[in-house]
Amino acid sequence: MTDTPPPVRVAIYDLDRTVLRTPTFTLFLLWAAWRAAPWRLLLLPALAALMFGYALRLYGRARFKPAAIRLMLGDSISPARATALASDFAAWRVPRDVPPGAAACIARDRAEGYRLLMATAAPEFYAGAIAEALEFDAIVATRHRRDADGNWLPLLDGENCYGTEKARRVTKWLDENAAGGAAHIRAYSDHPSDAPTFALANESWLIGRSRHLARLAAHHGWQTLDFEIVTGPS
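Residues numbered from 1 in each chain as written. Predicted model: local features only at pLDDT ≥ 70, side-chain atom pairs only at ≥ 80, totals over all residues. Heavy atoms only, no water.

Looking at the element boundaries, R169 is found in helix 7 (residues 164-177). Look at R169: it is buried, it has no salt bridge, and the nearest opposite charge is E124 at 4.7 Å. Within the structure, R169 has its side chain in polar contact with the backbone oxygen of A141 (distance 2.9 Å). In contact with R169, not counting residues within four places along its chain, are V140, A141, R143 and C161. (Helix = DSSP H or I, 4+ residues; strand = E, 2+ residues; numbered from the N terminus. Buried < 20%, exposed > 50% of the residue type's maximum accessible area, 1.4 Å probe, protein only. Lys, Arg positive; Asp, Glu negative; His and termini not counted. Salt bridge = Lys/Arg side-chain N within 4 Å of Asp/Glu carboxyl O. Polar contact = N/O pair within 3.5 Å; in protein donor to acceptor, adjacent residues only side chain to side chain. Contact = heavy atoms within 4.5 Å.)

Okay, the nonpolar core next. In terms of nonpolar packing, the biggest core is built from 49 residues, with Y13, V19, F28, Y126, I130, F136 and Y188 touching the most fellow members. Ignoring anything within four residues of it in the chain, the contact list for I130 reads L15, L20, T24, F89, A90, V94 and M118. (Core = buried A, V, L, I, M, F, W, Y, C linked by side-chain atoms within 4.5 Å.)

Before going further, it helps to examine the pattern of salt bridges. Taken as a whole, this structure holds 12 salt bridges when the rule is applied. Between R21 and E228 there is a salt bridge; the shortest N-O distance is 2.8 Å. Of this pair, R21 sits in the loop between strand 1 (8-13) and helix 1 (25-36) while E228 sits in the segment after strand 8 (223-225); the two residues are 207 residues apart in sequence, bridging distant segments of the chain. Using a relative accessible area of 35% as the deciding quantity, one classes E228 as partly exposed. Across the pair D194 and K166 runs a salt bridge whose closest N-O atoms are separated by 3.0 Å. Here K166 lies in helix 7 and D194 lies in the loop between strand 6 (183-189) and helix 8 (195-198), a separation of 28 residues in the sequence. The two residues D194 and K166 agree in class, both being buried.

Moving on, we come to the UniProt feature "transmembrane region" (unreviewed entry) in the protein. UniProt records the feature "transmembrane region" (unreviewed entry) for residues 37-56 in the present numbering. Secondary structure content for residues 37-56 is 60% helix and 0% strand, while the C-alpha to C-alpha distance between its ends is 29 Å. (UniProt positions renumbered as here; feature names shortened; annotations may be inferred.)

On to the pairing of strand 1. In the case of a regular strand, side chains alternate between the two sheet surfaces. Looking at chain direction, strand 1 and strand 6 are connected through 6 bridges and run parallel. Bridge assignment links I12 to a residue of strand 6, and that residue is A187. Inspection of the sheet shows strand 1 paired to strand 2 (residues 115-123) by 4 bridges, in the parallel sense. For V10, the partnering residue across the bridge sits in strand 2 and is R115. (Pairing = 2+ DSSP bridges.)

For the coordinates displayed, the defined rule picks out 16 aromatic pairs. Both rings, one in F28 and one in F89, keep their centres 5.1 Å apart while their planes meet at 80°; by these two values the pair is edge-to-face. Note that F28 is positioned in helix 1 and F89 in helix 4 (residues 79-97), a separation of 61 residues in sequence. Overall, F28 belongs to the buried group, its relative accessible area being 1%. A relative accessible area of 0% means that F89 is categorised as buried. Through a chain of ring-to-ring contacts, the aromatic side chains of F28, W31, F89, W92, F125, Y126 and W152 assemble into a single cluster. Over the face of the ring belonging to Y162 we find R61, whose NZ or CZ atom lies 3.7 Å from the ring centre. Over the aromatic face of W92 sits the side chain of R93, whose NZ or CZ is 4.4 Å from the ring centroid. (Phe/Tyr/Trp six-rings, centres within 6.5 Å; stacked < 30°, edge-to-face > 60°. Lys NZ or Arg CZ within 6 Å of the ring centre and 35° of its normal.)

Printed below as a string of structure tokens:
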């Protein structure tokens with residue numbers, strides 16, 4: 001008789017306000033504009049108007065993100081420049097913005113043999129550098145198109161990796177890398193929009209400390225963690 005192999009272990013982490021305290025999208029755009037083309041900071045009123053329209057739900061993420069990227073980074077960015085900006089951004093943010101509880105959970109999951117998967121709506125071209133700096137095994141993130149020369153374009157390649165789309169991308173990754181359902185999965189996120197990803201997990205952890213999050217977690221049967229405290233799954 002052949003022994004059944006143990007399930008693959010996978011720990012899925014959201015990025016913004018989970019692995020890092022500070023949301024990265026607007027911060028990266030401002031930082032990259034300052035580094036690559038400081039004159040683009042003169043366009044901040046236009047970026048603020050874009051953000052205001054998005055907050056009013058005049059348009060969704062699929063329109064807001066490409067427009068904001070084009071405004072702050074231009075119509076394209078070369079692979080070498082994108083790599084340099086992403087690496088420098090990760091080197092700046094990771095040492096100062098990972099909460100102690102996130103660092104503890106990542107270290108514990110890694111020690112227990114979990115494969116670390118970052119799943120985020122942030123653009124892949126810089127989120128990948130953050131995942132690499134934190135020694136994650138893989139990432140699923142929002143993809144952007146490239147032109148014939150390999151330059152990054154503001155246009156999305158597929159859908160924004162958020163909500164049900166993130167869960168679909170995670171499921172595809174699991175099918176290809178973790179024998180489909182033969183996996184024990186932990187998932188961590190600060191936001192209820194990741195409920196579809198939580199539905200894939202054996203252990204779902206809502207990150208935060210507010211009463212609203214506690215009530216939400218109790219309603220859905222999720223567990224809670226405060227990543228500002230060094231704690232984690234038992």
